[in-house]
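# An overview of the molecular structure
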Amino acid sequence: MSLHEDAALVLKEYRAPDEEQAALRLAYLDHLAEHADGMWKSCGAGHLTASALVVDPARGRVLLTLHRKLGRWLQMGGHCEPGDRTLAAAALREAREESGIDGLALLPGGPVTLDRHPIPAPCHRHLDVQYAAVAPAGATAALSEESLDLRWFPYEEVASVADASVVRLLAHTRALL
């Protein structure tokens, strides 16, 4: 199965928590149906990306990265790569690379939320498929080249540093924990 086929299957099975998410699900499926290259940066109409919010439920905290290019506190994530066999694998790879944490485990059940947002050229638009990953006990984060900073935030502080998409992702993640 190709990554494109996996993404279509994941989105078909995605259980949208509300009408906005259901509409995004359909828009993502339409995008994939219309664009054979809809998984890759080369797609001028935008492309799917994969991300994962790293959480430490035992301590009630979330790990965010201060994105080097965007200058915003975000979950770990980014572009799919040719070696990614599934969206879930891409999200987990991105989370490991950007957090420096081995032993992350995605929450079962597939993506938590979807978020479509504009991005600076040359990409133009990301259709992000957002997962949640639980950090193992005693996990130590390590800054990557893609980040200006990496920091654990108590759940209650996320709204004061991150945008609405991260706040929504955290709320849906906490509902699943």
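Scope of this entry: the structure provided in the associated data block.

Rules used in this analysis
- Residues numbered from 1 in each chain as written.
- Predicted model: local features only at pLDDT ≥ 70, side-chain atom pairs only at ≥ 80, totals over all residues.
- Heavy atoms only, no water.
- Helix = DSSP H or I, 4+ residues; strand = E, 2+ residues; numbered from the N terminus.
- Rg over C-alpha atoms; globule rule 2.2 N^0.38 Å.
- Buried < 20%, exposed > 50% of the residue type's maximum accessible area, 1.4 Å probe, protein only.
- Contact = heavy atoms within 4.5 Å.
- Areas by Shrake-Rupley, 256 points an atom, 1.4 Å probe, with all protein chains shown as cover.
- Lys, Arg positive; Asp, Glu negative; His and termini not counted.
- Charge placed at Lys NZ, Arg CZ, Asp CG, Glu CD.
- Axes fitted to C-alpha atoms, helices over the stretch in contact; angles between N-to-C directions.
- Parallel < 35°, antiparallel > 145°, perpendicular 65-115°, else oblique.
- Left-handed = near helix turned anticlockwise from the far one by under 90°.
- Nonpolar A, V, L, I, M, F, W, Y, C, P; charged D, E, K, R; others polar.
- Expected span 1.5 Å × (residues − 1).
- Salt bridge = Lys/Arg side-chain N within 4 Å of Asp/Glu carboxyl O.

A tally of regular secondary structure across the chain gives five helices and eight strands. Computed over its C-alpha atoms, the radius of gyration of the chain comes to 15 Å, within 12% of the 16 Å expected for a compact globule of 177 residues. Judged by the C-alpha coordinates and their principal axes, the chain covers about 45 × 30 × 30 Å. Counting over 177 residues, the chain shows a buried share of 49%. Sequence-distant contacts, at least 24 apart, represent 67% of the contacts inside the chain between residues at least 6 apart. Total accessible area on the chain stands at roughly 8600 Å², and carbon and sulfur atoms take up 53% of it. One way to put it: in the chain the 17 positive side-chain charges average out to a point 1 Å from where the 24 negative ones average out.

Contact geometry of helix H1 (residues 3-13) with helix H2 (residues 19-34) gives a least axis separation of 10 Å together with a crossing angle of 155°. Classed by the angle they form, the pair H1 and H2 counts as roughly antiparallel. The handedness of the crossing between H1 and H2 is left-handed. Residues His4, Ala7, Ala8, Leu11 and Lys12 of H1 touch H2, and the partners they reach there are Arg25, Tyr28, Leu29 and Leu32. Class assignment for the residues of the contact of H1 with H2 results in six nonpolar, one polar and two charged.

A separate point is helix H3 (residues 87-99). Along its 13 residues, H3 runs 18 Å from first to last C-alpha, staying within 8% of the 18 Å computed at 1.5 Å per residue. Along H3, the positions that sit buried rather than exposed are Leu87, Ala90, Ala91, Leu92, Arg93, Glu94, Ala95, Glu98 and Ser99.

With that settled, the discussion passes to the pattern of salt bridges. The final tally for this structure, using the stated rule, is eight salt bridges. Aspartate 56 is the salt-bridge partner of arginine 61, the closest N and O atoms lying 2.9 Å from each other. The buried category is assigned to arginine 61, whose relative accessible area is 15%. Exposure remark for aspartate 56: the relative accessible area of 9% places this residue in the buried category. Where arginine 168 meets aspartate 115, a salt bridge forms, and the shortest distance between an N and an O atom there is 2.9 Å. With a gap of 53 residues between them, arginine 168 in helix H5 (residues 164-176) and aspartate 115 in strand S6 (residues 113-119) connect regions that are remote in the sequence.

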